[in-house]
Amino acid sequence: MAEDSETPEIEESLFEAPPMGEQERMVEAILFATSEPVSVKEMNERMPHGCDGAEAIVHLRKRYEGRGVSVQRVGDAWAIRTAADLGFLMQKETVETRKLSRAAIETLAIIAYHQPVTRSEIEEIRGVSVSRGTVDQLLEMEWIRFGRRRMTPGRPVTFVVTQGFLDHFGLENARDLPGLKELRSAGLLESRPPLGSMPGMPEDEDADAAIGQSEMFEE
């Protein structure tokens, strides 16, 4: 039984669908050949009529359990990615290609934890203005995107994190946000900043978690 709640109805066809084992191979080929996550709808559109991409994903995930790569859900799509416990093997490449300023890290974290959020709200939380260059950098990296405009005077635009952001940190959705450990492993933090309170963040009963999150915002 498929576990994807957004699974589209399978169109009836005059031709019999390929065996599930063959559908699994098709999905595997699609995920290996594409760098971006692929939705079940897109899989079904590529495969012969009658195929059930969601069902094939269930079998494929089981087959990759415990391997060096795994089938991971990213938002409403799926991708084959390096197993989480082997991410350290990719650390050097990640550090070289994903270098953010502290202002960008703070802005990104605020958007992730408070989305959808406007520029003025980001500035209120940080306590300083947000430069256009900082926002442009995050937009160019495709880690944030424009959200809906607020139905308030001026109709300010909001910002939200993207599927690319979720994919980079191996998250299914924005509720599973990266903490200090993940940011450091991605090369976004170089040293341990002073401890202190973090403005605007939700309280956490776990003291260690609260401390780790607060470090993202300290100067």
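In this convention, every chain numbers its residues from 1, walking through the sequence in written order. Two thresholds apply to this predicted model, a pLDDT of at least 70 for residue-level local features and 80 or more for giving and counting side-chain atom pairs, whereas whole-chain, interface and lining totals are computed over all residues. Note: side-chain values were computed over all heavy atoms of the structure, leaving out hydrogens and water.

## Structural notes on the overall build of the protein
Here is the rule: In this description a helix means any DSSP run of H or I spanning at least four residues, a strand means any run of E spanning at least two, and both kinds are numbered starting from the N terminus. Here the term buried applies to any residue with accessible area under 20% of the maximum for its type, exposed to any over 50%, and partly exposed to those in between, with areas from a 1.4 Å probe on protein chains only. The contact criterion used is simple: two residues touch if any of their non-hydrogen atoms lie within 4.5 Å. Using the Shrake-Rupley algorithm and a 1.4 Å probe, accessible areas are obtained, with residue cover drawn only from the displayed protein chains.
The number of helices and strands found in the protein is 10 helices and six strands. Taken over 219 residues, the protein has a buried fraction of 39%. Residue pairs at least 24 apart in sequence account for 57% of intrachain contacts in the protein once pairs closer than 6 positions are excluded. Summing over all exposed atoms, the protein offers an accessible surface of approximately 13,000 Å²; the carbon and sulfur share of this is 50%.

## Some words on the environment of Phe146
Looking at the element boundaries, Phe146 is found in strand E5 (residues 144-149). Relative accessible area serves as the criterion here: at 48%, Phe146 is assigned to the partly exposed category. Expressed as a C-alpha distance, the spacing of Phe146 and Thr118, which sit 28 residues apart in the sequence, is 9.5 Å. Among residues more than four places away in sequence, those in contact with Phe146 are Leu139, Val157, Thr158 and Phe159.

## Description of the nonpolar core
Keep this limit in mind: Take the buried Ala, Val, Leu, Ile, Met, Phe, Trp, Tyr and Cys residues and link them wherever side-chain atoms come within 4.5 Å; each set so joined is a nonpolar core.
In terms of nonpolar packing, the biggest core is built from 23 residues, with Leu100, Leu108, Ile111, Ile122, Trp143, Ile144 and Phe165 touching the most fellow members. Looking at this core, the elements that each hand over two or more residues are helix H5 (102-114), helix H6 (119-126), helix H7 (132-140), strand E6 (157-161) and helix H8 (163-168). Formed by 16 residues, the second largest nonpolar core is a distinct cluster that contains Val38, Met43, Met47 and Val71.

## Some points on the side chain of Asn44
Stated formally: For the purposes of these results, a polar contact is taken to be a pair of N or O atoms within 3.5 Å, where, inside protein, one atom must be able to donate a hydrogen and its partner to accept one; residues adjacent in sequence count only when each atom of the pair is a side-chain atom.
Considering the arrangement of structural elements, one finds Asn44 in helix H2 (residues 40-46). A distance of 2.7 Å separates a polar atom in the side chain of Asn44 from the backbone nitrogen of Gly53.

## A closer look at the pairing of strand E2 (residues 69-74)
In plain terms, the rule: By definition, two strands form a pair when at least two bridges between them are found by DSSP.
Sheet analysis places E2 next to strand E3 (residues 77-82), joined by six bridges and oriented antiparallel. Looking at the pairing, Val71 lines up with Ile80 of E3. If you look at the hairpin formed by E2 and E3, you'll find two residues sitting between the two strands, and Gly75 has a positive phi there, around 65 degrees.

## Thoughts on the pattern of salt bridges
For the record, the criterion: Note on definitions: salt bridges are taken to be side-chain nitrogens of Lys or Arg within 4 Å of carboxyl oxygens of Asp or Glu.
Across all of its chains, the model carries eight salt bridges by this definition. Ionic pairing is found between Arg25 and Glu22, a salt bridge with its closest N-O pair at 3.0 Å. Pair noted here: Arg25 and Glu22 are both in helix H1 (residues 20-33), with a separation of three residues, about one helical turn. What makes Arg25 exposed here is its relative accessible area of 51%. With a relative accessible area of 31%, Glu22 lands in the partly exposed category. Ionic contacts of the salt-bridge type, sharing partners, join the residues Glu24, Glu28 and Arg63 into one network.

## Some points on the environment of Pro48
Looking at where Pro48 falls in the secondary structure, it is placed in the loop between H2 and helix H3 (53-63). Considering only alpha carbons, one finds Pro48 and Gln23, 25 residues apart in sequence, at a separation of 9.0 Å. Among residues more than four places away in sequence, those in contact with Pro48 are Pro18 and Met26.

## Looking at the sheet that holds strand E1 (residues 38-39)
Spatially, the three strands line up as an open sheet ordered E1-E3-E2, and their pairing is antiparallel. Each having just a single partner strand, E1 and E2 make up the two edges of the open sheet. Note: E1 against E3, two bridges, orientation antiparallel. Pairing of Ser39 across the sheet is with Ala77, part of E3.

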